[in-house]
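Notes for the structure review
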Amino acid sequence: SSGINAEYGQTVPSEAAKNTRPTERLEALAEAKKRPEGPFREPEWPVARRALKANSTERTRELSRPKGLVEGFQGNRHVQWNVTKSAKQAVATRRVEELSVPIQRESMDNVQFNPDVFKVSEAAKKAKCSARTEELAQPIARK
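Report on the accompanying structure. (Residues numbered from 1 in each chain as written. Predicted model: local features only at pLDDT ≥ 70, side-chain atom pairs only at ≥ 80, totals over all residues. Heavy atoms only, no water.)

1. Quick word on the overall build of the protein chain
Along the backbone of the protein chain there are nine helices and two strands. Each helix (α) and strand (β) of the protein chain, taken in turn from the N terminus, gives the series β-β-α-α-α-α-α-α-α-α-α. Among the 143 residues that make up the protein chain, the fraction classed as buried is 1%. Summed over its atoms, the accessible surface of the protein chain is roughly 16100 Å², and 54% of this surface lies on carbon and sulfur atoms. (Helix = DSSP H or I, 4+ residues; strand = E, 2+ residues; numbered from the N terminus. Buried < 20%, exposed > 50% of the residue type's maximum accessible area, 1.4 Å probe, protein only. Areas by Shrake-Rupley, 256 points an atom, 1.4 Å probe, with all protein chains shown as cover.)

Quick look at the structure:
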């Protein structure tokens, strides 16, 4: 037995694996963490009087000022704008219509479970490579 259920592509555990018991350490690691219920601290907490009366330094205020905009900066364009009359009346070319058709692929059910997926065709078995391909297939001779 290879340990794989061919019908479903699933691994079948061995008898030894089925009868194995976890170690104490593994049991401890498998337990959920114990966390306290509710908020971990009050939403409001005391602030020192000195901190309430603190003033920032000139250097801190200088660093907190936002940078100015670069010359020539243009802000974001509006998300919505008027569509031109010519755009409303445009007609797609035949090529654009061709390109707009979505590619139709086989469903993954048929592709994944195709039993002949690795079958080599008879023509491929009888194929002969060219002299140049044979030459390129040779390993490089190194010193």
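Back to the text.
2. Re the environment of T60
Structurally, T60 is set in helix α4 (residues 58-64). Within the structure, the side chain of T60 is placed 2.8 Å from the side chain of T57, a separation counted as a polar contact. (Polar contact = N/O pair within 3.5 Å; in protein donor to acceptor, adjacent residues only side chain to side chain.)

3. With respect to a nonpolar patch on the surface
A surface patch of nonpolar side chains, about 350 Å² in accessible area, is lined by W45, V47 and L52. Here V47 shows up in the loop between α2 (24-30) and α3 (49-52). (Patch = residues over 30% accessible without salt bridge, like charges linked within 9 Å, V, L, I, M, F, W, Y side chains within 5 Å. Salt bridge = Lys/Arg side-chain N within 4 Å of Asp/Glu carboxyl O.)

4. As for the pattern of salt bridges
If you walk through the whole model with that rule in mind, you get nine salt bridges. Taking the shortest distance from any N to any O, the salt bridge between R94 and E98 comes out at 2.8 Å. Taken as a pair, R94 and E98 lie in helix α6 (residues 94-100) at a separation of four residues, close to a single helical turn. Looking at E98, the relative accessible area reads 41%, which means it is partly exposed.

Everything listed here is a matter of geometry and, on its own, says nothing about what the molecule does.
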